[in-house]
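Here's the letter readout for the chains.
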Amino acid sequence: MNHKIGLMGFGVVGQGYHTIAESHDNDLLPYQIVIKEQNKSRPQNLPFIFNAEKLIDEAEIGIELISDSDAAYKFIRAFLERGKRVITANKKVIAANLPELIALQKQYGGSILYEAAVAASIPVICNLQTQYYGDEILEIKGILNGSSNYILSQIFRHNLSLHDALALAQKEGFAEADPSFDINGSDVASKLTILITHAFNEYHPEASIPFYGIEAIGSEEIDLARTLGLTIKLIASATKTAEGVTAYIFPTFVDSSDAISAIEWEYNCVKIKSKNLGEQFFKGKGAGSLPTGSAVYSDLVKMIAGFKYQYAENIPKETELRPISTILTVTMKTTHGDKLKRYGINEAEIIHTADAAWFVGDITTEFFLANKSAFIGDAISIINIGSSVTAETVKKALIKLKYKEHLLISE
Ligand SMILES: NC(=O)C1=CN([C@@H]2O[C@H](COP(=O)(O)OP(=O)(O)OC[C@H]3O[C@@H](n4cnc5c(N)ncnc54)[C@H](OP(=O)(O)O)[C@@H]3O)[C@@H](O)[C@H]2O)C=CC1
Ligand SMILES: N[C@@H](CC=O)C(=O)O
């Protein structure tokens, strides 16, 4: 049966979905494909068009896979306002507008699926939707960005610079159109916003979540992690507390006993803790053409079979994280101690190594959010020490590194 599927976007993900449909079920191929650039070379035999409005009017099901979030938002809205069904992989649009998109589904009777938007190949949204009846989710934790994880693997395993590793992630098709979202934690924050809504029925938009990326991590942090026998992963976590839900995203030291430490390259992982099930752990590719296209294709099959996300009766409103502030034990590194003193850190608390100045101790997420843009301006790297090591051990390792470096310098 022909479902009059309209595809928007024929890039990394659009082509992934199309390849799968072509080799599997021609009925699930699009009857038209909207693209933007007139002068790109394309396969000759495919039904490309440039008129998105025509496709939105005529298609029965829309698959939105474009790289322009403003246009994607307009297209998704237009499908839902016509009571139509639409699939997307765009986490920015979903995370920024989730309450509105839920309301549009309720008002006009259309529906939207977006499994590919979070952790690409890992069916985490469908899992949250269908597997926890009679249960209570307590915590979600994981790696939710393929590019930054791929970059960390390249840095740790092949000593590449962040810049060169990012260029490779872009070449592989893992990175966003604006790759700063991959390395500054923003892409992870969008994904965590979506997971929190599905797990806890609370809406915490990206800006309300304390998040920091891997941008300022340099060889000093890699040396420190190696000295400690640890690795560094960009970890997102959301936890149910007595007061509500708390969440944050930071590069984090991880030891080898934690399954997260073994997640390399573009792979993602999600740990879910619930009252009845205890802990579950999912691992899968978090970016790339076929892994993401496959999640889109599966959404399409599920959608045709009648699957819809079930949202709570009350559309979640924007709420504060609770507790409002959480204490984290971190390392903060920059090039010069004076930059740390600006944030009220005393000279006595600063450890100087050959090329860097470090603070190791407690900060609150409230302090972090208040100073975040200044930290970025000062190129301060922040790593959550997590539970794998104590602050005292980290300080000792830094002092060891300092003397090793002094020896090297005087040699
Ligand atoms: N890459 C990945 O691994 C993953 C990506 N995603 C998400 O999937 C979506 C698509 O990403 P990806 O495939 O990588 O992007 P690409 O850059 O590879 O492709 C983007 C496509 O969108 C088209 N496009 C851009 N703007 C418009 C517009 N205004 N109207 C019509 N078409 C337009 C482009 O057209 P043209 O060909 O003419 O340039 C191109 O075909 C994004 O939301 C991304 O965040 C989600 C999970 C994983
Ligand atoms: N750029 C994203 C793509 C998938 O969401 C990533 O690297 O994870």
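By convention here, each chain's residues receive numbers from 1 onward along its written sequence. As they are written, the chains are lettered A onward and the ligands numbered 1 onward, keeping that order. Totals for whole chains, interfaces and linings use every residue, but because this is a predicted model, local features are given only for residues with pLDDT of at least 70 and side-chain atom pairs only at 80 or more, for both listing and counting.

As named in an unreviewed UniProt entry, the chain is Homoserine dehydrogenase, taken from Anditalea andensis. UniProt positions are given in the numbering used here, feature names are shortened, and annotations may be inferred rather than shown by experiment. Within the UniProt record for the chain, the comment given under Catalytic activity (unreviewed entry) is "L-homoserine + NADP(+) = L-aspartate 4-semialdehyde + NADPH + H(+)". Regarding the chain, the UniProt comment filed under Sequence similarities (unreviewed entry) reads as follows: "Belongs to the homoserine dehydrogenase family."

## Brief notes about the overall build of the chain
Put simply, DSSP H or I for four residues or longer makes a helix, DSSP E for two residues or longer makes a strand, and each gets a number counted from the N terminus. The helix and strand tally for the chain stands at 14 helices and 15 strands. For the radius of gyration, the atoms used are the C-alpha atoms, and the globule rule reads 2.2 Å times the number of residues raised to 0.38. Taking 2.2 N^0.38 as the reference for a compact globule, 411 residues should give roughly 22 Å; the C-alpha atoms of the chain span a radius of gyration of 23 Å, in line with that estimate. For the chain, the spread of C-alpha atoms along the three principal axes comes to 75 × 50 × 35 Å. Buried, partly exposed and exposed are defined by the number of other C-beta atoms within 10 Å of a residue's own C-beta, namely 20 or more, between the two limits, and 12 or fewer respectively, with C-beta atoms placed from the backbone. Burial statistics for the chain: of 411 residues in total, 48% are counted as buried. Here contacts are defined at the residue level, using C-beta atoms placed from the backbone and a cut-off of 7 Å between them. Long-range pairs, those at least 24 residues apart, make up 73% of the contacts in the chain with a sequence separation of at least 6.

## A look at the site of ligand 1
Only the C-beta atom matters for nearness: placed from the backbone, it must lie within 6 Å of the molecule or strand for the residue to count as near. Every one of the 29 residues lining ligand 1 counts as a neighbour, but Gly9, Gly11, Glu37, Ile66 and Ala287 are closest to it. In terms of residue count, the dominant contributor to the shell around ligand 1 is helix 1 (residues 12-24) (three residues). Here the term charged refers only to Asp, Glu, Lys and Arg, the term nonpolar to Ala, Val, Leu, Ile, Met, Phe, Trp, Tyr, Cys and Pro, and the term polar to all other amino acids, Gly among them. Its residues assigned to classes, the shell around ligand 1 shows 16 nonpolar, eight polar and five charged. Here the shell around ligand 1 spans two domains, since at least three of its residues come from each of domain 1 (5-117) and domain 2 (135-286). What fixes the domain bounds is an automatic or database domain assignment.

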